[in-house]
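# Summary of structural features
Each chain, written out:
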Amino acid sequence: MSEKIERIKCLIIGSGPAGYAAAIYAARADLKPVMYTGLEPGGQLTTTTEVDNYPGYPDGVDGTAMMEDFKKQAERFDTEVRFGLATKVDFSDKVGGIHKVTIDGAKEIEAETVIISTGATAKYLGLPSEERLKGGGVSACATCDGFFYRGQDVIVVGAGDTAAEEATFLAKLCKKVTMLVRRDEMRASKAMQHRVNNTKNLEVLFNTELDEVLGDKVVEGVRVVNNKTKEKHEIAVMGVFIAIGHKPNTELFKSILDMDDTGYLITQGKTTKTKLPGVFAAGDVQDKEYRQAVTAAGTGCMAALDAERYLAELE
Ligand code: NDP
């Protein structure tokens, strides 16, 4: 450990809407929060294009620009925003205990409260053409980007509840939605499958996988392959929505905090409290259901209020 240990009241790990909302509230409560941004400052929204569903931006806003606004607002109240990655945690299990967090394997922070807002990462298939056209028609968020494909044809890859939900959402906006399901059945709940089957402009192709996304700068179509017959064919679409699940960024907290079987942090009741006193979780890292910027920001606010109350009770 080369750098000296720093003692603070409130450490925020992660810089998406949850982290910044927590920072704004914690700073205004005089907790002098320090935020470490992680490797993707601003989080998932910096990988989308236009955000049209965040209240307060009547004309829509670029995702990166919106996160810059969040940062400016947090800094206006003296949040210290630092670039760095939490690499190790040693949380206390005692009320009033000090939580130790190592940053970049070098610096140690001792914090009275920690707000975890490390988010989740959308899974992608890993095709080079998919990677190349991210932001040019390939998206992992229908709620964020679906609007841009009004009246067009799109495909959705995946067969879980998320894929079913995204496909039915897109079917309301798009001319036709084709869902690619890799097995001969869907994983989604019966209720969601029922919704899919009852949507007229939604076609499900079973045993079908995405072989390649076609197009140079923007998506012009896809080539799909039937994994039983190995037959390939092309479909002309302008949007490709990958909905094969998200991975919460919780590696660091394994065997330290409670998680559900898919790795999302478990919080107590309607609060942001984890099982350890003084450690709170907000945003997508603890929410696999809603996963919206506005809901993440809401729970970030809750985490700061929970941290403030926790510290007040100690005094
Ligand atoms: P899931 O893990 O449930 O589903 C992922 C889907 O993607 C599966 O159908 C899987 O196929 C498919 N998939 C994975 N990898 C590939 C690949 N390489 N190629 C093609 N298909 C692939 O993730 P979800 O995000 O759908 O759901 C996560 C959790 O959140 C679930 O518990 C779900 O119930 C819940 N949820 C609930 C909602 C609600 O209640 N409203 C809404 C959204 C999510 P296969 O089936 O073959 O493995």
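Predicted model only: the values in this text are computed from it and were never measured.

## Some remarks on the packing of helix 1 (residues 17-28) against helix 2 (residues 63-76)
The contact between helix 1 and helix 2 brings their axes to 9 Å, and the two run at 20 degrees. On the basis of the axis angle, helix 1 is roughly parallel to helix 2. Helix 1 and helix 2 meet at a crossing whose hand is left-handed. Contacts between helix 1 and helix 2 pair P17, Y20, A23 and I24 from the former with M67, F70, K71, Q73 and A74 from the latter. Here the residues of the contact of helix 1 with helix 2 are counted per class, giving seven nonpolar, one polar and one charged.

## Some details on a nonpolar patch on the surface
Nonpolar side chains collect at one region of the surface, where L39, F83 and L85 lie side by side and expose about 320 Å² of accessible area between them. Its location among the elements puts F83 in the loop between strand 5 (80-82) and strand 6 (86-90). A relative accessible area of 55% means that F83 is categorised as exposed.

## Details of helix 1
Between its terminal C-alpha atoms helix 1 stretches 17 Å, which fits the 16 Å expected from 12 residues at 1.5 Å a residue. The buried fraction of helix 1 amounts to 10 of the 12 residues, a majority that puts the element mostly inside the structure. Every buried residue of helix 1 is accounted for by P17, A18, G19, Y20, A21, A22, A23, I24, A26 and A27. Residues of helix 1 that are buried sit in contact with strand 1 (6-13), strand 2 (34-36), helix 2, strand 5, strand 8 (107-116) and helix 7 (293-314). The positive-phi residue at the C-terminal boundary of helix 1 is D30, with phi of around 65 degrees.

## Some points on the domain arrangement of the protein
Along its sequence, the protein is organised into domain 1 (6-121 + 246-314) and domain 2 (124-242). In this structure, domain 1 and domain 2 have C-alpha centres spaced 32 Å apart. Each side of the interface is counted separately: domain 1 has eight residues, and domain 2 has eight residues. With both chains or domains summed, domain 1 and domain 2 bury close to 620 Å², and 48% of this area falls on carbon and sulfur atoms. The tally of links between domain 1 and domain 2 comes to zero salt bridges. At the junction of domain 1 and domain 2, the tally comes to one residue pair in polar contact (both at pLDDT 80 or more). Classifying every residue of the side of domain 1 that touches domain 2 gives no nonpolar, five polar and three charged.

## A few points about the sheet that holds strand 16 (residues 232-235)
Read across the open sheet, the three strands follow the order 14-15-16; overall the sheet is antiparallel. A single partner strand is all that each edge strand has here, and the edge strands are strand 14 (208-214) and strand 16. Put simply, the sheet's adjacent strands are angled 30 degrees from each other on average, direction ignored. Strand direction decides the pairing type here: strand 14 and strand 15 (residues 221-226), joined by six bridges, are antiparallel. The residue bridging V213 from the neighbouring strand is V222, located in strand 15.

## A closer look at the site of the ligand
Close to the ligand lie 14 residues; D161, T162, R182, R183 and R187 are nearest. The contact in question runs from an oxygen atom of the ligand to an N or O atom on the backbone of A159, over 3.2 Å. One nitrogen or oxygen atom from the side chain of D161 is found 2.6 Å from an oxygen atom belonging to the ligand.

## Quick notes on the sheet that holds strand 12 (residues 176-180)
Across the sheet, five strands lie side by side as 10-17-11-12-13; this open sheet has parallel pairing. Looking at the sheet topology across the chains shown, the edges are occupied by strand 10 (138-139) and strand 13 (202-205). Bridge count for strand 12 against strand 13 is four bridges, and the pairing is parallel. Each residue of the ladder has a partner; that of M179, found in strand 13, is V204. On top of the sheet, helix 5 (residues 161-173) reaches strand 11 (153-157), strand 12, strand 13 and strand 17 (239-242); it is set at about 165 degrees to strand 12, its chief contact.

## Some thoughts on the packing of aromatic side chains
All chains considered together, the criterion is met by five aromatic pairs. A centroid spacing of 5.6 Å and a plane angle of 90 degrees characterise the contact between Y149 and F241, whose relative ring orientation is edge-to-face. Of this pair, Y149 sits in the loop between helix 4 (142-145) and strand 11 while F241 sits in strand 17, placing them 92 residues apart in sequence. Where F280 meets Y310, the ring centres are 6.2 Å apart and the plane angle is 75 degrees; that geometry is what we call edge-to-face. Within this pair, whereas F280 is found in strand 19 (residues 279-281), its partner Y310 is found in helix 7, the two being separated by 30 residues in sequence. Like F280, the residue Y310 is buried in the burial classification.

## Overview of the nonpolar core
Generally speaking, nonpolar side chains in soluble globular proteins are found buried as a group. Among the nonpolar cores identified, the biggest contains 31 residues, and I12, Y20, Y54, M66 and I115 are the most heavily contacted of them. At the level of secondary structure, the elements contributing two or more residues to this core comprise strand 1, helix 1, helix 2 and helix 7. It is helix 7 that contributes the most residues to this core, eight residues altogether. With residues up to four places along the chain from it excluded, the contact list for M66 reads L45, V51, Y54, Y57, V61 and A293. Judged by nonpolar contacts, the second largest core, of 22 residues, contains V181, M186, M192 and A243.

Parameters and conventions
Residues numbered from 1 in each chain as written. Predicted model: local features only at pLDDT ≥ 70, side-chain atom pairs only at ≥ 80, totals over all residues. Heavy atoms only, no water. Axes fitted to C-alpha atoms, helices over the stretch in contact; angles between N-to-C directions. Helix = DSSP H or I, 4+ residues; strand = E, 2+ residues; numbered from the N terminus. Parallel < 35°, antiparallel > 145°, perpendicular 65-115°, else oblique. Left-handed = near helix turned anticlockwise from the far one by under 90°. Contact = heavy atoms within 4.5 Å. Nonpolar A, V, L, I, M, F, W, Y, C, P; charged D, E, K, R; others polar. Patch = residues over 30% accessible without salt bridge, like charges linked within 9 Å, V, L, I, M, F, W, Y side chains within 5 Å. Areas by Shrake-Rupley, 256 points an atom, 1.4 Å probe, with all protein chains shown as cover. Salt bridge = Lys/Arg side-chain N within 4 Å of Asp/Glu carboxyl O. Buried < 20%, exposed > 50% of the residue type's maximum accessible area, 1.4 Å probe, protein only. Expected span 1.5 Å × (residues − 1). Domains from an automatic or database assignment. Buried area = accessible area lost by both parts, 1.4 Å probe. Polar contact = N/O pair within 3.5 Å; in protein donor to acceptor, adjacent residues only side chain to side chain. Pairing = 2+ DSSP bridges. Near = heavy atom within 4 Å. Phe/Tyr/Trp six-rings, centres within 6.5 Å; stacked < 30°, edge-to-face > 60°. Core = buried A, V, L, I, M, F, W, Y, C linked by side-chain atoms within 4.5 Å.

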